[in-house]
Amino acid sequence: MTATVPFVDALGVLRAAAEETRLRILVLLGEGELSVSDLTDILGQSQPRISRHLKLLVEAGLVVRHREGAWAFFRLREGAVGLVAPLVAALDAGEPPLSEDRARLQAVRAQRAEAAQSFFARLAPQWDRVRSLHVPEATVEAAVLEALGSGPIGSLVDLGTGTGRMLGLLAPRAARATGLDANHAMLSVARANLERQGLTRIDLRQGDIHAPPFGRASFDLVLIHQVLHYLDDPARALREAARLVAPGGRLLVVDFAPHSLEFLRADEAHRRLGFAPEQVAGWLSEAGLTDVRLRHLAPSGGAEHQLTVTLWLAHHPESAAGLPDRAVA
């Protein structure tokens, strides 16, 4: 059955979309989120003019705005473009001005990717040093996929998304994917990396993992990958993460087992030298999650000065009854 739309709402939506620049903006945002600066570059119009158009689209419920430091990013509102989506999809993107807009969009993305890679290149030697101490990333990612199983994910949030690597791995299986990070520059890296993979509809937000800007029970899967060891208060971060898990949902934590590599604290800003299995499992249980399952990924040969990666998978209490008997091995 086709959903009905109140007449007044339909009129407001159509008025907002029925203007050349605003229709071009809707088409561009259909390709992924963009900043005011991106849109001024693509459309060749002034910042105040673009901002006025965006304000009307936000007020009409077609576009969502979120801040990232001093920047503002805009994206299409999920489920709110039913009236205009068929029109946007029917437009011939191969003809001006849409073809020209798309070409400039690709140029903007290329500039963004170049800036992101320049930033990441400065950090890469430090990251490579830590990666060399544990099993390969591909092994960790395979373990993540095995722990989560092959079914659809639903809605996903990656807390402390960093370069967006986990989103790149899991977002193709999710109906809705969101990444949160406190660092604007790192979000720029994630945005460029995900665009390179063709993942342009992921919602990236700047925010504090200790106070994530999302409602209770918002996500089917909450992921915290190699983040806890940087935090002053990891227990609080897990409480906040557990708050986001929807009934029947899961929380997956990936981090290091206890170790004695003090140079990681001094040189790499690690606040904690790993976590005992029972410590994280206890925090998850205290946060109201159940059926905590573990998997350890030890370095080959049991090298003394290398790191073991641990996965903790916890479930919302309402989902525990339907789970298989075996734990993650």
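As annotated in an unreviewed UniProt entry, the protein carries the name ArsR family transcriptional regulator and comes from Methylobacterium platani.

A. Layout of the overall build of the protein. Helix and strand content of the protein: twelve helices and ten strands. Among the 329 residues that make up the protein, the fraction classed as buried is 50%. Considering only residue pairs separated by 6 or more positions, the protein has 68% of its internal contacts joining residues 24 or more positions apart. When the accessible surface of the protein is split by element, carbon and sulfur atoms take 54% of a total near 15500 Å².

B. Expanded view of helix H2 (residues 20-29). Counting buried positions over the ten residues of H2 gives eight, a clear majority of the element. Thr21, Arg22, Arg24, Ile25, Leu26, Val27, Leu28 and Leu29 are the residues of H2 that are buried. The N-cap of H2, judged by a side-chain oxygen 2.8 Å from the amide nitrogen of threonine 21 a few residues on, is glutamate 19.

C. Summary view of a nonpolar patch on the surface. A cluster of nonpolar side chains, namely Val5, Leu14 and Leu83, defines an oily patch on the protein surface of about 240 Å² accessible area. Inspection of the secondary structure puts leucine 14 in helix H1 (residues 7-17).

D. How the structure looks around the environment of glutamate 59. Along the chain, glutamate 59 turns up in helix H4 (residues 47-59). Its relative accessible area of 55% is what places glutamate 59 among the exposed residues.

E. How the structure looks around the nonpolar core. Leu156, Leu170, Ile202, Leu252 and Leu311 are the most contacted members of the largest nonpolar core, which has 34 residues in total. Contributing elements (two or more residues each) for this core: helix H7 (137-148), helix H8 (165-170), strand E5 (174-181), helix H9 (184-196), strand E7 (219-225), strand E8 (245-256) and strand E10 (309-315). Filtering out sequence-adjacent residues up to four positions away, leucine 311 remains in contact with Ala143, Val144, Ala147, Leu252, Val253, Val254, Arg293, Leu294, Arg295 and Leu297. Counting 28 residues, the second largest nonpolar core, distinct from the first, contains Leu180, Ala242, Leu244 and Phe275.

F. Spatial organisation of empty space enclosed by the protein. Considering all chains together, one arrives at two cavities of 30 Å³ or more under this definition. Roughly 80 Å³ of volume is contained in the largest cavity. Every residue lining the largest cavity is listed: Glu31, Gly32, Glu33, Arg109, Arg191, Leu194, Glu195, Leu199, Thr200, Ile202 and Leu204. The element that contributes the greatest number of residues to the lining of the largest cavity is H9, accounting for three residues. Each residue belonging to the lining of the largest cavity can be placed in one class, and the counts come to four nonpolar, two polar and five charged. Each of domain 1 (7-107) and domain 2 (133-316) contributes no fewer than three residues to the lining of the largest cavity. Counted as a void, the second largest cavity has a volume near 60 Å³. The wall of the second largest cavity is formed by Val27, Leu28, Glu31, Ala93, Leu98, Asp101, Arg102 and Leu105. The set of elements that each furnish at least two residues to the lining of the second largest cavity consists of H2 and helix H6 (98-131). With four residues, H6 is the single largest residue contributor to the lining of the second largest cavity.

G. Broad picture of the pairing of strand E6 (residues 203-206). Alignment of E5 against E6, held across four bridges, turns out to be parallel. Its bridge partner lying in E6, aspartate 181 is registered against glutamine 206. Each parallel crossover has a hand, and for E5 linked through H9 to E6 it is right-handed.

H. Spotlight on the layout of surface pockets. There is about 690 Å³ of room inside the second largest pocket. Forming the boundary of the second largest pocket are 37 residues, of which Leu29, Gly30, Leu76, Glu78 and Arg201 lie nearest the centre. Mapped onto the lining of the second largest pocket, the elements with two or more residues apiece are H2, strand E3 (71-76), helix H5 (85-90), H6, E5 and E6. The biggest single contributor to the lining of the second largest pocket is E5, with five residues. Of the residues contributing to the lining of the second largest pocket, the split by class is 21 nonpolar, six polar and ten charged. Residues lining the lining of the second largest pocket come from more than one domain, with at least three contributed by each of domain 1 (7-107) and domain 2 (133-316).

I. Expanded view of the packing of aromatic side chains. For the structure on display, the rule yields two aromatic pairs. Note on phenylalanine 214 and phenylalanine 219: the rings are 5.3 Å apart at their centroids and 85° apart in plane angle, and the pair reads as edge-to-face. Judged on exposure class, the residue phenylalanine 214 and its partner phenylalanine 219 are both buried. Their ring planes at 70° and their centres at 6.0 Å tell us that phenylalanine 275 and tryptophan 283 sit as a pair that is edge-to-face. Note that arginine 191 overlies the ring of phenylalanine 73, its terminal NZ or CZ placed 3.9 Å from the centroid.

J. Region of the structure containing the sheet that holds strand E9 (residues 290-297). Overall, mixed pairing links the seven strands, which are arranged E6-E5-E4-E7-E8-E10-E9 in an open sheet. Since the sheet does not close on itself, it has two edges, and those belong to E6 and E9, each with one partner. Averaged over all adjacent pairs, the angle separating strand axes in this sheet is 15°, with direction ignored. Contacting strand E4 (154-159), E7 and E8, helix H10 (residues 234-243) runs over the sheet at an angle of about 150° to E8.

The rules behind these values
- Residues numbered from 1 in each chain as written.
- Predicted model: local features only at pLDDT ≥ 70, side-chain atom pairs only at ≥ 80, totals over all residues.
- Heavy atoms only, no water.
- Helix = DSSP H or I, 4+ residues; strand = E, 2+ residues; numbered from the N terminus.
- Buried < 20%, exposed > 50% of the residue type's maximum accessible area, 1.4 Å probe, protein only.
- Contact = heavy atoms within 4.5 Å.
- Areas by Shrake-Rupley, 256 points an atom, 1.4 Å probe, with all protein chains shown as cover.
- Polar contact = N/O pair within 3.5 Å; in protein donor to acceptor, adjacent residues only side chain to side chain.
- Patch = residues over 30% accessible without salt bridge, like charges linked within 9 Å, V, L, I, M, F, W, Y side chains within 5 Å.
- Salt bridge = Lys/Arg side-chain N within 4 Å of Asp/Glu carboxyl O.
- Core = buried A, V, L, I, M, F, W, Y, C linked by side-chain atoms within 4.5 Å.
- 1 Å grid on protein atoms, 1.4 Å probe; cavity = no way out; pocket = protein on both sides within 12 Å on 5 of 7 lines; lining within 4 Å.
- Points joined across faces, edges and corners; volume = space filled by probe spheres on them.
- Nonpolar A, V, L, I, M, F, W, Y, C, P; charged D, E, K, R; others polar.
- Domains from an automatic or database assignment.
- Pairing = 2+ DSSP bridges.
- Right-handed = clockwise from strand over helix to strand, strands pointing away.
- Phe/Tyr/Trp six-rings, centres within 6.5 Å; stacked < 30°, edge-to-face > 60°.
- Lys NZ or Arg CZ within 6 Å of the ring centre and 35° of its normal.
- Axes fitted to C-alpha atoms, helices over the stretch in contact; angles between N-to-C directions.

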